[in-house]
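Architecture and fold: a report
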Amino acid sequence: MKSDPKNWAQMIKSSPAARERAASGFMDAQAASRQLLASLRDITAGTAPAKNKLDDIVRLVAKELRADVCSCFVVRSGDFLELFSTTGLKPDQPHPARMRVGEGLVGDIAAHATSLSLSDAALHPGFVARPETGGFEFRSFCGVPVLRGGVVCGVLLIQDRRQRIYGAEVVDILQMVSMVLAELVTSGGIVAIQEISAVLSSGGKPTHSEGVSLGRGLAIGQAVLYEPRLTMQNIVAEDTGEQKFRLQQAVAGMHEAINRMLHQDISLTGTETRDILEAYQMFARDRGWLARIEAAVDKGLSAEAAVQSTLNETRARMMQINDSYIRERLQDLEDLSNRLLSHLMRQQQEKSHEKLPDDIILVARSMGPAALLDYDRNRLKGVILEKGSHSNHVAIVARSLGIPVVGQCADLLNYVASGDQVIVDGDHGVVYLRPSQYVVDLYARSMEARARRTSMYRRMQHQQSVTKDGIMVSVQMNAGLLSEVGALQNAGADGIGLFRTELSFMGLKKYPLVVTQAELYGRVLDQAGDKPVVFRTLDIGGDKPLPYFKAPEEENPALGWRAVRIGMDRPAVLRTQFRALIRGAKGRNIKIMLPLVTEVAEYDRARALLEMEKKRARRDNIPVPEKIELGVMLEVPALLWQLDTLLPTVDFISVGTNDLMQYLYAVDRGNDALRNRYDSLSPAMLGVLKTIADKCRAAGVPVSVCGEMAGQPLEAMVLIALGYETLSLSAQSVEAVKMMIPTLDTGCLLPYLEQLMKARDHSLRERLLSFARDHQVNIAWNG
């Protein structure tokens, strides 16, 4: 919170003296900064007691910044601040000024951990006139928090009798001094070490942060900040030949280390993680990148400076492009640049096992996916990311390692310090920083229960899922890459209810030939064995562009030219995929699903294209499956009013709850501000789902759900009661849903649910949670 710049501008405009003071203040700050650095070094290097050093620093700041007052407050246990050192004030006793955190200007700085700069302090709504801090005698005020590991342990401030505008340079100087004071205050020489430790362990804000779940699971451990930055000693070099030789040696060493790292864990073979890391390895061998570094060396830079310069230039260009794929590549580039620098500087960043804890919670603002493999897998327990989405490569690699991941935690990263105890709740997207012992014990018991239940699930995972009242439920999984199909058996899923064919397309440099597609689909069917697979045709466009497929720029791509709409306008796209699916099936029965069908006419057109390809296959003596089921992914509300027309001809319906809810509520599900505004367990959404299930049941058409709702045990409980006997979810969610099903009696739930759906409530979640608890329905995420 800072004073209004409009007031400053007005004062400067109206007062020549003020303009002169502002200009002189700027020059004073510049000179003071240089002098302060030298003097601070002398004070901190001395042997005087900590209290004397604090007094010397306070006097130094007042002198160099030409302030009438400089004071340092220290946070004490009990959530209050006490004046420990001052020059310019005349306290009657050693520590007379005490105030609560949040009280007055000083308390406001401590409460919000933000700087405050005021040319007229009395005009601020938080100003409190206290005699022991000068009252109305001092007009101007500038203060900064003293932070240690993101925790406020004090406040440093200056005051002036005259009206003075403190520029950014003054704030910067105070912040620089506050870093020195933080070490001094927390060393134990100012306040007893036991007291300051209590302040640090309880004063971090926030201690609880709600992010986004990117990988399920629970973990308790110690924060380890991912800080790959290295300090360069030499920037300019005279011998370019020597620098190029050093660069070549470092590049060779980096390539060897990356190759060794990627092959040290055979469990990564054949997974999506392997695909990502192999792409990373190819990036490391990109000649264009290396050539740019060599060109920088030719200009006279050292090898290290050339690597950093190339990174800076490339980062500046890539940051101007608003494209998630480009941003992923930027993370790879930064990670590779840091690796190359570490080889050049002979500081190989292999994490020291002696220095790192046994329970690492890795906290990162930005990192490449391969960086996770630098850490001992037995010690790495969880990951916290500043940003991130499910497509984030770091999150994908972490999930493949079985590690919980929480993203969108930018606020928490401002307060966490290495060594802080952290709990990562990947099931609910929550992080606890410096949790109480009660919370730690709670999660520890939950993790123990999870381990017991996982052991129990292993004994029953291949059994048919049946509710208490005898309803058989098929729990299938979603997949998008051949490597993911391998998890079918281990997850205990009954089949693949959604195979996203576009994901394989996204990893290619050009549109795949029919023979390439057919080989992929055939291998998917081979790996699935006798379990069913539902292939969704290309759902490209929107947030899933193909680099080789030109699509128009749209203001709202989610509502634009995508999915089956592309197939309608470019029938060759849909026909070639139908052709490849028929060839890949080799006579085996297959299921094909059309995404984003908006009207029955689109389904009829796609059916006609499929019939053309069946005739073509027969003409070419290619085996045609006896049964090719063509279904619809119901995600556009318009189709709800055409179900009676569609159901007599469609082979199956699969409800895509993610987009259906987005379009039903006219809300962008990628908008963080609206992410939790509407609940899937609302009367409106459940009413729509019940209508679909009832109509499909009456028409004898199989219906399933393949959205995120199906993967949440509570939501899955409701879906089964509404009549959905096939659910398709992520492989990680299969266990929790299958553990829930045998504990559910839909005969008890459905009448209650029908009554609830008549309510005018925003959400029915709490009442459904109560039902589950009262009837012992196992809706816990493995604990």
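As a starting point, this report considers the structure included with it. (Residues numbered from 1 in each chain as written. Predicted model: local features only at pLDDT ≥ 70, side-chain atom pairs only at ≥ 80, totals over all residues. Heavy atoms only, no water.)

**Re the overall build of the protein**
In terms of helices and strands, the protein carries 28 helices and 23 strands. Sequence-distant contacts in the protein: of pairs separated by 6 or more residues, those separated by 24 or more amount to 67%. As displayed, the protein offers around 36,000 Å² of accessible surface, 50% of which is attributable to carbon and sulfur atoms. (Helix = DSSP H or I, 4+ residues; strand = E, 2+ residues; numbered from the N terminus. Contact = heavy atoms within 4.5 Å. Areas by Shrake-Rupley, 256 points an atom, 1.4 Å probe, with all protein chains shown as cover.)

**Some details on the packing of aromatic side chains**
The description of two aromatic rings rests on the distance between their centres and on the angle between their planes. Taken as a whole and assessed by the stated rule, the structure comprises six aromatic pairs. For the ring pair Y752 and F771, a centre distance of 5.6 Å and an interplane angle of 15° mean the geometry is stacked. With Y752 in helix α27 (residues 746–756) and F771 in helix α28 (residues 765–774), this pair connects stretches of sequence that are 19 residues apart. A relative accessible area of 32% means that Y752 is categorised as partly exposed. (Phe/Tyr/Trp six-rings, centres within 6.5 Å; stacked < 30°, edge-to-face > 60°. Buried < 20%, exposed > 50% of the residue type's maximum accessible area, 1.4 Å probe, protein only.)

**Some details on α28**
Given 3.6 residues per turn, any residue in an α-helix points the same way as the ones three and four places further on. For α28, the complete set of buried residues consists of L768, L769, F771 and A772. Angular distribution of buried residues about the axis of α28 spans 160°; they occupy a single face of the element. Looking at α28, the residues exposed on the side facing more than 90 degrees away from the buried face are E766, R773 and D774. Tucked into the core, α28 has its buried residues touching α25 (713–722) and α27. Of the residues flanking the end of α28, it is Q776, one or two places downstream, whose phi is positive at about 55°. (Arc of directions from axis to C-beta.)

**Re the pairing of strand β10 (residues 360–364)**
Of all five residues in β10, five are buried, a share of seventy percent or more. Along β10, one buried face is formed by I360, L362 and A364 and the opposite face, lined by I361 and V363, is buried too. Relative to β10, strand β9 (residues 218–225) runs parallel, the two being bridged by four bridges. Looking at β10, one finds that L225 is bridged to V363. For β10 and strand β11 (residues 380–385), the ladder comprises five bridges, and the chain directions are parallel. Bridge pairing in β11 places L362 opposite V383. (Pairing = 2+ DSSP bridges.)

**What to know about the packing of helix α20 (residues 571–585) against helix α21 (residues 600–619)**
Across the interface, α20 lies against α21 with an axial gap of 9 Å and an inter-helix angle of 50°. Taken together, the axes of α20 and α21 lie oblique to each other. When you trace α20 past α21, the crossing you get is right-handed. Only R605, A606, L609, L610, M612, E613, K614, R616 and A617 of α21 make contact with α20, whose side of the interface consists of P571, L574, R575, F578, R579 and I582. Across the contact of α20 with α21, the residue classes break down as nine nonpolar, no polar and six charged. (Axes fitted to C-alpha atoms, helices over the stretch in contact; angles between N-to-C directions. Parallel < 35°, antiparallel > 145°, perpendicular 65-115°, else oblique. Left-handed = near helix turned anticlockwise from the far one by under 90°. Nonpolar A, V, L, I, M, F, W, Y, C, P; charged D, E, K, R; others polar.)

**Looking at the nonpolar core**
Counting 102 residues, the largest nonpolar core has I653, I692, M717, Y724, L727, M740 and L768 as its most contacted members. A per-element tally of this core places α25 first, with eight residues. Setting aside chain neighbours within four positions, we find I692 in contact with L634, L640, L643, V655, L660, V703 and Y724. Among the nonpolar cores identified, the runner-up in size contains 35 residues, and L65, I158, M176 and L184 belong to it. (Core = buried A, V, L, I, M, F, W, Y, C linked by side-chain atoms within 4.5 Å.)

**Description of the side chain of E82**
The topology assignment puts E82 in strand β2 (residues 80–87). Of note is the side chain of E82, whose polar atom sits 2.9 Å from the side chain of R98. (Polar contact = N/O pair within 3.5 Å; in protein donor to acceptor, adjacent residues only side chain to side chain.)

**So, helix α18 (residues 514–528)**
In this model α18 runs 21 Å from its N-terminal to its C-terminal C-alpha over 15 residues, within 8% of the 21 Å that 1.5 Å per residue would give. Within α18, the full set of buried residues consists of V514, Q517, A518, L520, Y521, G522, V524, L525 and A528. (Expected span 1.5 Å × (residues − 1).)

**Quick word on the pattern of salt bridges**
Tallied over the entire structure, the rule returns 28 salt bridges. The closest approach of N and O atoms between R379 and D376, which form a salt bridge, is 4.0 Å. One salt-bridge network, in which partners are shared between bridges, spans K690, D694, R697 and E754. (Salt bridge = Lys/Arg side-chain N within 4 Å of Asp/Glu carboxyl O.)

**With respect to unusual backbone geometry**
You will see that Q408, though not glycine, has its phi angle at about 60°, which is positive. Within the fold, Q408 resides in the loop between β12 (405–407) and α13 (410–413). Judged by its relative accessible area of 29%, Q408 is partly exposed. Even without a glycine there, the phi angle at L596 is positive, about 60°. Summarising the element assignment, L596 is placed in the loop between β19 (590–594) and α21. Given a relative accessible area of 1%, L596 falls into the buried group.

**Describing empty space enclosed by the protein**
All chains considered together, the criterion is met by four cavities of 30 Å³ or more. Every residue lining the largest cavity is counted, 21 residues in all, and those nearest its centre are V106, V128, T133, F141 and Q159. Elements supplying a minimum of two residues to the lining of the largest cavity: β1 (69–76), α4 (104–112), β5 (140–148) and β6 (151–160). At three residues, α4 tops the list of elements feeding residues into the lining of the largest cavity. Grouping the amino acids of the lining of the largest cavity by side-chain chemistry returns twelve nonpolar, seven polar and two charged. (1 Å grid on protein atoms, 1.4 Å probe; cavity = no way out; pocket = protein on both sides within 12 Å on 5 of 7 lines; lining within 4 Å. Points joined across faces, edges and corners; volume = space filled by probe spheres on them.)

**Points about the sheet that holds strand β13 (residues 421–425)**
The eight strands lie next to each other as β7-β14-β13-β9-β10-β11-β12-β8, forming an open sheet whose pairing is mixed. Either end of the sheet is taken by a strand with one partner, and the two such strands are β7 (208–210) and β8 (212–215). For this sheet, the mean inter-axis angle between neighbouring strands, taken without regard to orientation, is 30°. Contacting β9, β13 and β14 (430–433), helix α14 (residues 437–460) crosses the sheet at an angle of about 125° to β9.

**What to know about the environment of Y724**
One can find Y724 in the loop between α25 and β23 (726–729). Under the relative-accessibility criterion, Y724 is labelled buried at 0%. The sequence separation of Y724 and V705 amounts to 19 residues, and the corresponding C-alpha distance is 7.1 Å. Ignoring sequence-local partners within four residues, the contact set of Y724 consists of V655, L689, I692, A693, V703, S704, V705 and L719. Of the polar contacts made by the side chain of Y724, one reaches the backbone oxygen of L689; its length is 2.6 Å.

**Focus on the pairing of β2**
Counted residue by residue, β2 has six buried out of eight residues, so it is predominantly covered. As judged from the seven bridges shared by β1 and β2, these two strands associate in the antiparallel manner. In the sheet register, V74 faces β2, and the bridge partner there is E82. Across three bridges, the pairing between β2 and strand β3 (residues 98–100) is antiparallel. The partner of L81 across the bridge, within β3, is M99.

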